[in-house]
Structures are given as C-alpha cells and as structure tokens.
Amino acid sequence: MKAIVDCNSFYCSCERVFRPDLENKPVVVLSNNDGCIISISNEAKALGIDMAVPYFQVREAIEKNGIETFSSNYNLYGDLSRRVMDTLKALVGEARVEVYSVDEAFLDLDHIAKNDLQDFSRTIRETVEQWTGVSVSVGTGETKVLAKVANRLVKKLRLPSKTLVLDSEDATTQALQRTLVKDLWGIGRRYAVKLNEWNIHTAWELKHMSEDWARTHLGGVIGARMIEELNGRQAILMQDELANKKMIATTRMFGTAVTELKDIKEAVATYTTRAAEKLRRQHSAASMISVFVIPRQPAGTPSYRQGGQARSSYATLHSPTSLTHELIKPAMEMATQLYRKGERYSKAGVTLSGLVPDSSIQSSLFNECGNNQNRELMLMLDNINFSMRNDVIKYAAAGIDKQWKMRQEFRSPRYTSRWDELPGVR
DNA sequence: TCTGGGGTCCTAGGACCC
DNA sequence: TCTGGGGTCCTAGGACCC
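Because the structure is predicted, anything quoted here is derived from the model rather than measured.

The rules behind the values
- Residues numbered from 1 in each chain as written.
- Chains lettered and ligands numbered in written order.
- Predicted model: local features only at pLDDT ≥ 70, side-chain atom pairs only at ≥ 80, totals over all residues.
- Heavy atoms only, no water.
- Pairing = 2+ DSSP bridges.
- Helix = DSSP H or I, 4+ residues; strand = E, 2+ residues; numbered from the N terminus.
- Axes fitted to C-alpha atoms, helices over the stretch in contact; angles between N-to-C directions.
- Near = heavy atom within 4 Å.
- Polar contact = N/O pair within 3.5 Å; in protein donor to acceptor, adjacent residues only side chain to side chain.
- Expected span 1.5 Å × (residues − 1).
- Buried < 20%, exposed > 50% of the residue type's maximum accessible area, 1.4 Å probe, protein only.
- Contact = heavy atoms within 4.5 Å.
- Salt bridge = Lys/Arg side-chain N within 4 Å of Asp/Glu carboxyl O.

All right, on to the sheet that holds strand 1 (residues 2–7) then. For sheets, the rule is that strands pair by backbone hydrogen bonds, running either parallel or antiparallel. Pairing within the open sheet is mixed, and its five strands lie in the order 5-6-1-7-8. For this open sheet the edge positions go to strand 5 (97–101) and strand 8 (163–165), each flanked by a neighbour on one side alone. Averaged over all pairs of adjacent strands, the angle between their axes in this sheet comes to 15°, without regard to strand direction. When strand 5 meets strand 6 (residues 104–108), the two strands line up antiparallel, connected through four bridges.

Before going further, it helps to spend a moment on the protein's contact with DNA strand C. Surveying the vicinity of DNA strand C reveals 13 residues, the closest of which are Asp 103, Lys 148, Gly 186, Arg 190 and Tyr 191. Those atoms of DNA strand C that come within 4 Å of the protein belong to sugar or phosphate at a rate of 100%. At 2.9 Å, a side-chain N or O of Lys 148 approaches a phosphate oxygen of DNA strand C. Within the contact set of DNA strand C, a phosphate oxygen lies 3.1 Å away from a backbone nitrogen or oxygen of Gly 188. Residue assignment for the surface near DNA strand C shows that the elements contributing at least two residues are strand 5 and helix 8 (189–197). Here the element with the most residues in the surface near DNA strand C is helix 8; it accounts for three residues.

Each α-helix turn comprises 3.6 residues. Residues three or four places apart therefore point the same way. Between its first and last C-alpha atoms helix 4 (residues 74–92) spans 27 Å; for 19 residues at 1.5 Å apiece the expected length is 27 Å, and the two agree. Here helix 4 has its buried residues at Leu 76, Tyr 77, Asp 79, Leu 80, Ser 81, Val 84, Met 85, Thr 87, Leu 88, Lys 89 and Val 92. In the segment just after helix 4, Gly 93 is the residue with positive phi, at about 95°.

A separate point is the environment of Gln 57. In this structure, Gln 57 sits in helix 3 (residues 55–64). Between the C-alpha atoms of Gln 57 and Cys 36, which are 21 residues apart in sequence, the distance is 9.0 Å.

A few words now on the sheet that holds strand 11 (residues 311–321). The four strands are arranged 9-12-10-11 in an open sheet whose pairing can be described as antiparallel. A strand with exactly one partner marks an edge of an open sheet, and here the two such strands are strand 9 (247–258) and strand 11. Strand-to-strand, the axes of this sheet are offset by a mean angle of 15°, without reference to chain direction. Pairing geometry for strand 10 (residues 284–295) and strand 11, over seven bridges, is antiparallel. In the sheet register, Phe 292 faces strand 11, and the bridge partner there is Ser 312. Across the face of the sheet, helix 12 (residues 261–281) comes into contact with strand 9, strand 10, strand 11 and strand 12 (345–357) while running at roughly 150° to strand 9.

Below, the discussion takes up the pattern of salt bridges. Per the counting criterion, the structure on display carries 29 salt bridges. Across the pair Glu 63 and Arg 59 runs a salt bridge whose closest N-O atoms are separated by 3.4 Å. A residue pair is termed a helical-turn pair when its members lie 3 or 4 positions apart in one helix, as Glu 63 and Arg 59 do in helix 3 at four residues. Of the residues examined, Glu 63 reaches a relative accessible area of 52% and is grouped as exposed. Two residues, Asp 79 and Arg 82, come together in a salt bridge whose shortest N-O distance is 2.9 Å. Remark: Arg 82 and Asp 79 occur in helix 4; sequence separation between them is three residues, near one turn of the helix. With relative accessibility at 12%, the residue Asp 79 sits in the buried group. Look at the salt bridges and you will find they share partners, linking Lys 2, Arg 96, Asp 108 and Asp 110 into a network.

In structure tokens, the structure reads:
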C-alpha cells in the first residue's frame, strides 16, 4: 500500500507554528510580489477567499474580515518542510519516503499489515503534528493515484481523523464514485474536458475504460498508467530520493515595471547568482544558460501568460560551469541584446540546463589558472551568504539599490533560519 | 496600478548515422 | 521508373503537478 501525507494549508500552518494566536483564525499567504493568494486556511476559505486569486481583487474582503495576511517566507517554509520529512523518515525509514513536493510525501507502507493501516495512519498524523506543529492529512490506497483519491476525500469530507485508508474493494469503489475525473491526480483541465466529451465523469467510470483506449485518447502511456493505477495495479513507482534537478530556473515578476537596461541587467545578474547557488548546492554544472524578458502588455490586453510575448535567448558555454561570474557574463550579453529602449518589462528570468555533475567537468586547455581556486571561492561565498544574511557578499552587476525588487510587505520573521530572527521567549 | 515560481514527463519530428 | 530500414540524439511543445 501507498500513502500520501499532505500538509494542510501548508504555508498558513507554517505561519501559525510561531503565532499560536492565529489558531482558528483566518489566514492567507501571498505569492512572491504579493501577487496572488497561494495558501488559505479553512477559516479564510469559509469567508469566500479562493486560491490563486489576485490579491488586489480580494484585498477589500480580506481587510474587512480581518484576515491575517503574509507575504511568502520560503526560508521558514523550507525549514519546516525538512522537519516534516525528517519525521516521516523516522517513522517508516528513509528508503520508504518519497518527498514529492514541499508539503507532500509518498510513503511505501508495504511493510505494514493491512489491519494495522488505520492505526498507523493516525500515528503518522499525530507524530508529525506533535514533533513539528504542522497538521497533515494521510490518504492510503493500493496505488499512488488511489492514495491521492483518499487524501482528497479526507479534506473534502473533513474527516475528523484526517486519515482515510482504502483497504477494501468496497471502500475504493465508493471513493472512486465520489471523485470526478477532473479531481484526479494527473488529469488536468484539458484531459478533463476531453473525458467529459466522451461522457466519462467519475473516476469510477474512467477505471473501466481499457488501457488501449487510454493510450490513444489520454496522452499515451500516461493514460494507460492512470487506468492501471485506478485498478489497483502500481504503475507509477516510488522515485529514488531526490535525484538532482535537470533544469534550474530563477524568474521573477518585477515589483514595478522596469524600463532601464541597467535595471534589467541587475535583475538578470541577481537571478543568475541565485540560480548558480542552487546549481552548486546540488554539485552540478550547467552547459547552457538562457535568459528571457517579458515586456508588459498594454492595459486591456490579456495578461502575459496567454501569449508567447516572452523574448528569450540562450548561450552554450564553452565547458560546463558552476561559477557565478562565468554565467553572469553571457547572461549580461543576452540581457543587453534582448532589451529594447522604450519598452516596459514586467518579468525576467534565467534558466540553467544541460546540467552535469561538477566532478565530471573536463579541464579545458584555455583554463588559465585552474578552476579549483574558483570553486573554493564560490564555496566560501555560499557559506558566508547562507550563514549571515542574504547577500552580505555580492556581485556588483547585481546592483545595490534594486529598484526592481519584488514587493513583500507582509513577510514574517525567518524564525528558524536566521539567528537574528529567532522567536523570543519570556 | 495590480494576476507566482518553480518543476517533471512524454511525444513527435528533424538531423544524422550506418 | 519510382524512393531501405533501422537506429540514436536532440529539441520544441504539450500536458500536468504543487
């Protein structure tokens, strides 16, 4: 059996861990740039606030109802996430945990007797809550897809135990009958529409379609796997722990529209610096770097998401590198080349790809002084910036005043990852 | 005024090879 | 008159996820 452990309103829960006064109060967390709502507590939901809605559209309702509002604080969420995952690993063993996202993990429970699954699910939930202060829901089923179905029902039906185990034919059937295809893990909006056109509405109905049918109408092997999983046959396997990323991106909306080349270059240099840090953290080097900018659409036109208005460029590096300054150079050239005077920009980003282990970097004939010194410099720089505060040491190209920086009006302290922001105890 | 920031997997098609 | 048959690698684009 497989279980999915999912933190409830994770970012909101994180904010509450150090603000117990917010228990049972409505809370929302905003995306970067305070752009839209990305986490809502049940209480806020009950007041009619929805996920993914632009903040400015609901600002009035939020203020009127006294909903507590936070800018996202990824240092805090990342740290609490690690604690939750560590707890799960302590409970079932590291090899049985697949960290799926910042607030979710799949567990392999094949070693637990079927009769004990109910109790064990509750133990998981209680232990995580006790050790970390974060509340979780646990869904269990024969396959990952069925575990997801169970987990969704826990939340939808507000089951008091916050756990649901689909351990019998009957339980599974009932669960599938009350799940719409659009709510299945792996069925997005496009496929949901298509399925409805075929007059398939519930997961139960989908389960009885043939694999061949799914192969031709539901994205090839993806559809076939879905049918298998619904029928209790494992087709989506547990992934090994945290393989390295194959692509690393840092992209941001600007706080306010940017018009000057200087600002674009500063932003791109800053994003390149961030991306290079992520690259070094997983001991990789990049062989390709790409930069994009998105001009702001004139008022009234559909938002930037809908079109291909982004302008991008990429450069292949002479040899893979993880050194910030070697990445900034081509990034600056591309930023300059992409910039048009008179245009206003709403967003820019940097993507590193063609990642290889940094141990495999070939030394190049043209490498004058050997990269080892450089890599030690990077290591030192990363250590200082991580342990002190953000960017004590930085590249001049990244700019000092950062006019373009995102808005973050409501960020809580980084309670657990900065010495100077630890919570006080009287 | 104002709408996030990451990622993954799969497929088709082109280029190239023997 | 009438086009080989496989392979592999790479990239772009679609779909999905949190």
